[in-house]
Amino acid sequence: MPDLHWYPGHMTKAVRQMKEDIKLIDIVIELVDARIPISSRNPDIDSLAAGKSRVIILNKADMADDRETENWVKHFTDEGMIAVKLNSRSGNGMKQVKDAIAKAAEAKMARDRARGILNRPVRAIVGGIPNVGKSTFINSFAGRAVTKTGNKPGVTKGKQWIKLNKQVELLDTPGILWPKFEDRKTAEHLAFIGSIKDEVIEKMELVLNLITELEENYCGLVASYYGFDNCEKTENKIDFAVKTLEEVAKKRALLKKGGETDTDKASKLILDDFKNGRLGKITLENVGE
Ligand SMILES: Nc1nc2c(ncn2[C@@H]2O[C@H](COP(=O)(O)OP(=O)(O)OP(=O)(O)O)[C@@H](O)[C@H]2O)c(=O)[nH]1
């Protein structure tokens, strides 16, 4: 197994920045990928965000299994968080997100009022591991109608805030959290969604494990996307995955010079199709697993 404890320097800097920014913040909005709500979280957010209001957004819900996403929303709500699903690209769900942030802000203002603090702005930050959609979220949140604050006296130097309403504003630069590499499966899931470079893990091994995982919950899905039938409940999962991979190469005419199937190209194709949601609405991590 390759060394997965890879930790680029820019991330160390980004994490330090997030620790600094969070001091100004009342509400921490954590973005996770709805397809892998556990692996795309960073457990350290709990200590980073201690004492803050918490909102968790299941982003990229358009690529996840709707039923599973509902289960996750319920799960995080039961844990005492405000949980919402969202498609940041289309903005579908943004109204619910804004309502959720306004609700968290209202609770914070009520606590302030009880302590005699009036009209203090409530500030929020978006945090998440790479590629979960933080920038897309901020752009979609800002939309066209809202005005940016900042560059005026009294506003922290270099920081821009996007106003949600009179009292609530969102920091326009996201906080970057580092992905966790606790175990092989987590690292693979992060590679499937593109949060860590898939060069970190050998592509062929990665795709065989993806096919195997998909077969468990969505039997025949890979085959049917590429135009053949194949749903076998077999014990020999890796053999089955290899067969599927070769069949995909044949179907897509991915052949080497001598006519042999080009499974490297087929691996790349399947990983790319999954990453971009072309294989369908799929969730790889279920509540209670
Ligand atoms: N389908 C879909 N794609 C999304 C959604 N949100 C973001 N994306 C896409 O996901 C990719 C990554 O989005 P970014 O906004 O750059 O993610 P980020 O978290 O800011 O990434 P880093 O800068 O690497 O930390 C882009 O191709 C987005 O278009 C979503 O809700 N649905």
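Just so it is clear, the structure is predicted and the values come from calculations on it, not from any experiment.

**Observations regarding the pairing of strand β6 (residues 168-171)**
No. 1: Across the two faces of β6 the burial is the same, with Val168 and Leu170 and Glu169 and Leu171 all buried.
No. 2: Strand direction decides the pairing type here: strand β4 (residues 122-128) and β6, joined by three bridges, are parallel. Its bridge partner lying in β6, Ala124 is registered against Leu170.
No. 3: One ladder, built from three bridges, connects strand β5 (residues 161-163) with β6; its direction is antiparallel. Looking at the pairing, Trp161 lines up with Leu171 of β6.
No. 4: Two successive antiparallel strands, β5 and β6, enclose a turn made up of four residues.

**A look at the side chain of Lys108**
No. 1: If you trace the backbone, Lys108 turns up in helix α4 (residues 94-114).
No. 2: What makes Lys108 buried here is its relative accessible area of 12%.
No. 3: Residues within four places of Lys108 in sequence aside, it is in contact with Asp26, Arg120 and Val122.

**So, the site of the ligand**
No. 1: Not every one of the 14 residues close to the ligand is listed here, only the nearest: Asp62, Ser88, Lys134, Ser135 and Thr136.
No. 2: Note that an oxygen atom of the ligand is positioned 2.9 Å from one of the backbone N or O atoms of Ser135.
No. 3: Between an oxygen atom of the ligand and a side-chain N or O atom of Thr136, the distance comes to 2.6 Å.
No. 4: Protein contact buries 74% of the 650 Å² of open area that the ligand shows by itself.
No. 5: Looking at the shell around the ligand element by element, the count peaks at three residues for helix α5 (residues 134-142).
No. 6: Residues that form the shell around the ligand fall into these classes: three nonpolar, seven polar and four charged.

About the criteria used
Residues numbered from 1 in each chain as written. Predicted model: local features only at pLDDT ≥ 70, side-chain atom pairs only at ≥ 80, totals over all residues. Heavy atoms only, no water. Buried < 20%, exposed > 50% of the residue type's maximum accessible area, 1.4 Å probe, protein only. Helix = DSSP H or I, 4+ residues; strand = E, 2+ residues; numbered from the N terminus. Pairing = 2+ DSSP bridges. Contact = heavy atoms within 4.5 Å. Near = heavy atom within 4 Å. Polar contact = N/O pair within 3.5 Å; in protein donor to acceptor, adjacent residues only side chain to side chain. Areas by Shrake-Rupley, 256 points an atom, 1.4 Å probe, with all protein chains shown as cover. Nonpolar A, V, L, I, M, F, W, Y, C, P; charged D, E, K, R; others polar.

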